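The residues making up each chain are set out below.
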Amino acid sequence: MAIRFFGLIPAAGFGSRMGADIPKQYVRLGSRTLLQHSVAALMSDPRVRQVLIVVSPADRHARALTFPPAVRLAPVGGASRAESVRNGLRTLADELAADDRVLVHDAARPCLSAQDLSALIDAVGTQDAGGLLAAPLSDTVKRVDRTEVIETVERAGLWRAQTPQLFPFGILLRALESCQDLDAVTDEASAVERFGLRPRVVSATGANLKLTTPADWPLAEAVLKASGRW
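Right, let's walk through the structure included here.

Criteria and cut-off values
- Residues numbered from 1 in each chain as written.
- Predicted model: local features only at pLDDT ≥ 70, side-chain atom pairs only at ≥ 80, totals over all residues.
- Heavy atoms only, no water.
- Helix = DSSP H or I, 4+ residues; strand = E, 2+ residues; numbered from the N terminus.
- Rg over C-alpha atoms; globule rule 2.2 N^0.38 Å.
- Buried < 20%, exposed > 50% of the residue type's maximum accessible area, 1.4 Å probe, protein only.
- Contact = heavy atoms within 4.5 Å.
- Pairing = 2+ DSSP bridges.
- Axes fitted to C-alpha atoms, helices over the stretch in contact; angles between N-to-C directions.
- Phe/Tyr/Trp six-rings, centres within 6.5 Å; stacked < 30°, edge-to-face > 60°.
- Lys NZ or Arg CZ within 6 Å of the ring centre and 35° of its normal.
- Core = buried A, V, L, I, M, F, W, Y, C linked by side-chain atoms within 4.5 Å.
- Salt bridge = Lys/Arg side-chain N within 4 Å of Asp/Glu carboxyl O.

### Looking at the overall build of the protein
- Scanning the protein from N- to C-terminus turns up six helices and eleven strands.
- A globule of 230 residues ought to have a C-alpha radius of gyration of about 17 Å, and the protein, at 17 Å, matches this closely.
- Expressed along its principal axes, the backbone C-alpha trace of the protein runs to roughly 50 × 40 × 35 Å.
- Here the protein, with 230 residues, has 46% of them falling under the buried criterion.

Right, dumping it as structure tokens:
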């Protein structure tokens, strides 16, 4: 049986650093909300058959948005990203086979390029350990105590993890179910690493920005306008 690919976007957080009155995923960025841009980016490869958006049980914003027919909402969001992803996977348990692949993507990464998405699927779509988009660190890294530099960290071999992160459904669900402290799981790859596997990084070539503060928006606007997605 051919491997099937499904998207999952955890969108149950608020994003307090953005300083908006509503959760940041519902702030408009040109013609769409941040969440709608991220969904469209994740579906830019036709191999992604469906997308599940995990929202808070109290969410009232997502229902008012228009999404493609292959996108649906699951009001099962948890207290952390990892809990939301795990709950979303549980929602899919009756529909997905263990060998189906799940691409988990941040709701706040609207600038994912179709090229990077396809490269990720091509590179790790059949690998049991899965993988993720990432970018090698180029800045000098300092370890700091309050405002004092303790040391300069060797950056060789250090990468900035991005999304999507792609894993077999069965492995990712078991990895998250086995975690004793989901709050300590900052991304899906870290859960799979704890499960004893070594995910592969795929170098991201585009400006796959994660919007966290108001200062990030002008750059995202420039990227989306340049790619005709504004």
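### Structural notes on the environment of Ala70
- Looking at the element boundaries, Ala70 is found in the loop between strand E4 (48-54) and strand E5 (71-74).
- The class of Ala70 is partly exposed, set by a relative accessible area of 26%.
- Beyond its immediate chain neighbours, meaning those up to four positions away, Ala70 contacts Met43, Arg49, Gln50 and Val51.

### Quick word on the pairing of strand E6 (residues 101-104)
- A two-sided burial pattern is seen for E6, the buried positions comprising Arg101 and Leu103 on one face and Val102 and Val104 on the other.
- Pairing of strand E1 (residues 5-10) with E6, which is carried by four bridges, proceeds in the parallel orientation. Pairing of Leu8 across the sheet is with Val104, part of E6.
- As paired elements, E6 and strand E10 (residues 159-168) share four bridges and run antiparallel to each other. Bridging across to E10, Val104 finds its partner in Gln165.

### Brief notes about the sheet that holds E5
- Here we have seven strands laid out as an open sheet, ordered E5-E4-E1-E6-E10-E7-E11, and mixed in their pairing. Taken across any chain shown, the strands that pair with only one partner, and hence form the sheet edges, are E5 and strand E11 (200-203). Adjacent strand axes in the sheet meet at a mean angle of 30°, parallel and antiparallel pairs treated alike.
- Of the pairings in the sheet, the one linking strand E7 (residues 131-136) to E10 comprises five bridges and is antiparallel in character.

### Some words on the packing of aromatic side chains
- Inspection of the entire model under this criterion finds zero aromatic pairs.
- Note that Lys225 overlies the ring of Trp230, its terminal NZ or CZ placed 5.2 Å from the centroid.

### Overview of unusual backbone geometry
- In this structure, Pro164 follows Thr163 across a cis peptide bond, with omega equal to 10°.
- As for its position among the elements, Pro164 is in strand E10.

### A few points about the nonpolar core
- Leu35, Ile53 and Leu103 are the most contacted members of the largest nonpolar core, which totals 27 residues.
- Breaking this core down by element, the ones donating at least two residues are E1, helix H1 (34-42), E4 and helix H3 (114-124).
- Top element by residues in this core is H3. It accounts for five residues.
- Those residues in contact with Ile53 that sit more than four places away from it in its chain are Ile9, Ala11, Leu35, Val39, Phe67, Val71, Arg72, Leu73 and Ala74.

### What to know about the environment of Arg47
- In this structure, Arg47 sits in the loop between H1 and E4.
- The spacing of Arg47 and Ile3 is 44 residues in sequence and 9.6 Å in space, taken between C-alpha atoms.
- Those residues in contact with Arg47 that lie beyond four places of it in its chain are Phe5, Ser118, Ile121 and Asp122.

### Section: the pattern of salt bridges
- For the structure shown, the criterion picks out eleven salt bridges.
- Across the pair Glu188 and Arg81 runs a salt bridge whose closest N-O atoms are separated by 2.8 Å. With Glu188 in helix H5 (residues 188-194) and Arg81 in helix H2 (residues 81-91), the pair connects residues that are 107 residues apart, well separated along the chain.
- Since its relative accessible area comes to 2%, Glu188 is described here as buried.
- For Arg81, a relative accessible area of 22% corresponds to the partly exposed category.
- Residues participating in the shared-partner salt-bridge network are Arg81, Asp106, Arg109 and Glu188.

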